[in-house]
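# Chain and residue survey
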Amino acid sequence: MKPLRDRPILLSANADRVAAVGTIVLLCLGSLLAASARAGGLTLRSGFKIEGRPAAATSISTNAPADAGELSVDSIIVVDAGMRRYYVRKRDVVALHVDAELARYEKFRLPQPPGGNGFAPDQVPPPLKLTSWDEQGRREITLRGARGPQKYLQGIYEIGPQFMRVRTQGLIWEFGIATTSIPTHHLDRMIRSTIDTSRFEDRRAIAMFYLQAGLYLQALIELEAIEKDFPDHQEQVEQASLQARQLLAQTLLKELEERRAAGQHALASAKSRQFPTERMSASVLRQVREFAESYEQARNEIDLINVQLGELQAELKDERQRELVDVMRVEVAESLSMESLPRLRPFQLQADDPDRPADEKLALAYSGWLLGEARAIDTLSQAINLWLARFDMLQYLRSEDSIARRQILAGLLDLEGVTTQSVLDLVPNLPPILSTPGIQPGVATRITVADFEGRLAEVVGGDSKEPVEAAYHVLLPTEYSPDHSYPVIVALHGVERNPEWELRWWGGTADEPLQSQRRGYIVIAPEYLDAKATSYQSSAATHERIELAIRDARLRFNVNSDRVFLAGHGTGADAAFEIGCANPDIFAAVIPISGEISTMVKRLDDNAKLLPWYIVNGQLDRDVFGANARTIDRWMKKGFDVVDCEFVGRGYESFYAEIHNLFDWMELYHRQPQPKEFTFKSIRSDRSRYFWLDSSRRELSPRVRNVARRTPTAKEPSAISSSPKNVACHILDGAQGRTHITVNSSGQTHTLWLSPEMINFNDRLQVSLNGASKYNDFVEESIEAVLEDFRRRGDRQRIYRARIELQ
């Protein structure tokens, strides 16, 4: 038998997921691996699971004032997860998992110089220098001290499957780091230096440790070596190896499914054909075989469809129809893939029907290609008109000239059978509106942003005296396809870093793809700060740069606008708090990492409650955790959806150890449904979009560069207000076929964007603005409203059919 250590690793076994799978492993491994290590923890209403020891608390911070949020006794649950603590609202907990077996995790003690002397720092600045961990579990850290740089020796003194404990010589400073942050070969040598490798129980502990850590391949390698070195225990070890192998297989199968769900079909197909089959159960082998066969079947179906479309086209008698259908066939032949194949299901079901004429079959194929399988039609002339409508739509959306757009719209309206609903149905499968030649998955790319009229967007604000082009950096996931809809992370960098650092943190590179690439997320990092910025300064220019980047990405890539997440590190986290509160209709959730809640954000509870929050900080980071505590306590008291994570004994860091939890959490969230009623606090004095209300407080120049001035004047005040203004909207479904909308806003101009999900278009609509009647008529949907809304926002998931200007 070929040793495991010499075999290629076919797929990552999610080795750095420590806690999530250890439970299953330890329950399955028979007498050799009998110890149970079921993790305690809790499950939140969202479905998010947190492992650790839960306990009741009255406040996030023991230093918080007594009236912090006016919380009742034990209204918060704190989960001690070793190197970090989580704080959640008690009423959001749907299940508690208490486990007395946590102490039975395998742990190893490393000899290190004694710590616990010197003074205990209350803050830890970013290190000036940090060496890598050596094989003795030691490193040197250099910190800025009162008398200049100070060097300290840090040592790992306890290794556990989830985290390792570290102490610092010369300081009373201990903390934990993720076990999987250490290279596996270093980790293995550290462990072996603490045991007697000639003892079966010690070797068994190593295998147990790797299983608890989710490092299945390393566990199997160790079990194979134990079987050879301790033949008297062969039966026990073989049984454990068999069961561990099945767990590894299930993990690999799960990853295959995740890759397929992320649209990474070539990778999933290739890896399924390379799946290890030796000593695998019949059930696992069957699942792998069916998985691989599904791809082979899809490839055969694609080849057959291309042949059938050509044969059916030849049967058409109308020469003009043949010419138009030929154009359609070329596009389908070039683009048909595993991702787009479902659109042709209606055609596939009827392709062999001898009673169906060729034109009906072709109509099913090409209308399905445009509209999706649920809306395919069997009238070829209408299908051709839909293709012509799509061409006009793309011309309209790509045009930089308003006069040209009006002419294109007139032609679109003349197409027989093309309705507002038809245009709406065409939007989800439109190709990219903006082209990005040469862009490759996994390669960071800088993109300059165009404004609404197609001109280079420039923004003046902050310390800039001259216009600065709006731009962002983007990282596409593995096997990016315009036919797959992707969630997006909008990542804001800190002042000490740059946008490409954010891309690497979330997604790595083409050679070393990390989580956003593996999980199928697009990451965009806007250039939102002024060049000389040393901190986050709230400005309309900053807001505009981020909003323009999101709009551009929506038009350039296939973005699932219901799953756009805002995140940031340091200064970027400071900005994320504010940008999220200012735009709760854009984001599904917000993830500030090492950020501080500003005075402005503390005034925006009405906005913050509209979003889920996952807040990450270090206990010793500038007292940021304590400074945020009162606001987060208040948010929890008011029922906000918040997970607050504190890394114990850690300072200002990026906290990559939290990356898997962040993605698991994001998978549970979508943008909230369109509200019929909302109260909002506006901080923009120039303009704001609040869900379906577009409001401005002064007329804007058509150039984006005029949204903010460096120095406010009496004629043009600052675009960010220190006193947020209330905006309130309410849709009331009245009796006798009437609907009433009330708007309370201090804006100068107001536009309502409406859809049938909000109001019944068959009812008469009455609109009042600040108590005055502004509209009393029936609402008419229009193709122009659909196209303008999509052109301005690029949102494929939420498009409005009607627009009402309130005078």
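Here, every reference points to the structure presented above.
Read on for a plain summary of the structure. Please read these numbers as outputs of a predicted model, since none were measured by experiment. (Residues numbered from 1 in each chain as written. Predicted model: local features only at pLDDT ≥ 70, side-chain atom pairs only at ≥ 80, totals over all residues. Heavy atoms only, no water.)

Turning our attention to the overall build of the protein. Summing up its helical and strand segments, the protein has 22 helices and 31 strands in all. Counting every position in the protein, which comprises 807 residues, the buried fraction comes to 55%. Total accessible area on the protein stands at roughly 34300 Å², and carbon and sulfur atoms take up 48% of it. (Helix = DSSP H or I, 4+ residues; strand = E, 2+ residues; numbered from the N terminus. Buried < 20%, exposed > 50% of the residue type's maximum accessible area, 1.4 Å probe, protein only. Areas by Shrake-Rupley, 256 points an atom, 1.4 Å probe, with all protein chains shown as cover.)

Here a ring pair, both rings aromatic, is described through the centre-centre distance and the interplanar angle of the planes. Applying the stated criterion across every chain yields a total of 24 aromatic pairs. Centre to centre, the rings of F48 and Y614 are 5.8 Å apart; their planes meet at 70 degrees, and the pair counts as edge-to-face. Within this pair, whereas F48 is found in the loop between β1 (41-44) and β2 (49-51), its partner Y614 is found in strand β21 (residues 613-618), the two being separated by 566 residues in sequence. Of the two residues, F48 and Y614, both sit in the buried class. Counting every residue linked through ring pairs, the aromatic cluster contains W505, W506, Y521, F565, Y656 and F663. If you follow R390 out to its NZ or CZ, it ends over the ring of W387, 4.7 Å from the centre. Across from the ring centre of W501, 4.0 Å away, lies the NZ or CZ of R497, which sits over that ring. (Phe/Tyr/Trp six-rings, centres within 6.5 Å; stacked < 30°, edge-to-face > 60°. Lys NZ or Arg CZ within 6 Å of the ring centre and 35° of its normal.)

For the rest of this paragraph, the subject is the environment of S594. Along the chain, S594 turns up in the loop between β20 (589-593) and α18 (599-602). A sequence separation of 22 residues divides S594 from G572, and the C-alpha atoms of the two residues are 8.9 Å apart. S594 has contacts with G570, A573, V616, N617, D621, R622, Y652, E653 and F655, leaving out every residue within four places of it along the chain. (Contact = heavy atoms within 4.5 Å.)

Following both chains from N to C, one finds helix α11 (residues 380-398) and helix α22 (residues 783-793) inclined at 50 degrees, their axes separated by 10 Å at the closest point. On the basis of their axis angle, the class for α11 and α22 is oblique. Here α11 and α22 pass one another in a crossing that is right-handed. Here M393, Y396 and L397 of α11 lie close against α22, whose contacting residues are E784, L787, E788, F790 and R791. (Axes fitted to C-alpha atoms, helices over the stretch in contact; angles between N-to-C directions. Parallel < 35°, antiparallel > 145°, perpendicular 65-115°, else oblique. Left-handed = near helix turned anticlockwise from the far one by under 90°.)

Looking now at the pairing of strand β31 (residues 802-806). Residue alternation in β31 divides its side chains into a buried set, A802, I804 and L806, and an unburied set, R803 and E805. Alignment of strand β28 (residues 749-754) against β31, held across five bridges, turns out to be antiparallel. Its bridge partner lying in β31, T751 is registered against E805. (Pairing = 2+ DSSP bridges.)

Once that is clear, we can look at the sheet that holds β1. Pairing within the open sheet is antiparallel, and its three strands lie in the order β2-β1-β6. A single partner strand is all that each edge strand has here, and the edge strands are β2 and β6 (93-97). Neighbour-to-neighbour, the strand axes of this sheet turn through a mean angle of 15 degrees, independent of strand direction. Pairing of β1 with β6 involves four bridges; the strand directions are antiparallel. Bridged to L42 within β6 is L96.

The analysis is restricted to geometry; functional conclusions fall outside its scope.
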